[in-house]
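# An overview of the molecular structure
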Amino acid sequence: MVFYFTAENGWLMYMGKDKHENEDLIKHSWPEDVWFHVDKLSSAHVYLRLPLEYDWETIPEEVVKECCVLVKANSIEGCKKSAVDVVYTPASNLKKTADMEIGQVGFKSRKPVKRLLNVEKDRETEKRHEKNKEEKHPDLAQEKQEREKHPDLAQEKQER
C-alpha cells in the first residue's frame, strides 16, 4: 500500500506504509523522484515526483519544507522530537546492498545529498496532508515499466 499526498503547489508526494513497501518504492522509483528521510532516525521514505521542467536542486523551498514536515510526522521517533534534520537526494542516488536490512538504504555518493536542519512540527501542513491523503495499491513494477517506455522524457529533462 502506498500513501499519496498532494503538495500545496500540486506536486505528487508519496510514501510506503512500512519498511516492506519502502523496499518496493526504492526498487521502482522513477528518475525524477527525490527521496526524503529523517537523518539518523527510523522514518518513512517520502518521495517527491518532480515535474520534468524541474531539477532536484531547484525544488522550491516551500516544497522541500513540506516534504520534510511529512517525513518528520511519519517517523516514530522523529515525530516526538521538537526538531529533526532531514536528508534528501535523487532517488537514483540510493544504494541497496544484499547485506542491508529491509527498508535500509545508503547513498551511491554523498555529494548529491542535501540536508534541511531543524525541521519542526507544522500542524497546518500535517492537517492538509491528512485531508488529501489517498491510499492506493499500485502495481509499482508496471508503473515503472510504463514510465521506462518513454526514455525521451528523462533525456528531455537532462537537456534542460
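Coordinates for the structure precede this section.
This write-up is about the structure you can find in this document. (Residues numbered from 1 in each chain as written. Predicted model: local features only at pLDDT ≥ 70, side-chain atom pairs only at ≥ 80, totals over all residues. Heavy atoms only, no water.)

The phi dihedral of Lys 40 falls on the positive side, at around 65 degrees, and the residue is not glycine. At Asn 118, a residue that is not glycine, the phi angle is positive and equals roughly 55 degrees. Tracing the chain through its elements places Asn 118 in strand 8 (residues 114-120). Overall, Asn 118 belongs to the exposed group, its relative accessible area being 55%. (Helix = DSSP H or I, 4+ residues; strand = E, 2+ residues; numbered from the N terminus. Buried < 20%, exposed > 50% of the residue type's maximum accessible area, 1.4 Å probe, protein only.)

Our next topic: the pattern of salt bridges. One pass over the full model with this rule turns up 11 salt bridges. Where Lys 40 meets Asp 39, a salt bridge forms, and the shortest distance between an N and an O atom there is 3.5 Å. According to the relative accessible area criterion, Lys 40 is exposed, its value standing at 74%. Between Glu 66 and Arg 128 there is a salt bridge, with the nearest N and O atoms lying 3.0 Å from each other. Here Glu 66 is found in helix 2 (residues 61-73), whereas its partner Arg 128 is found in helix 3 (residues 123-132), with 62 residues between them in sequence. You can call Arg 128 partly exposed: its relative accessible area is 21%. The network of salt bridges with common partners includes Glu 8, Glu 66 and Arg 128. (Salt bridge = Lys/Arg side-chain N within 4 Å of Asp/Glu carboxyl O.)

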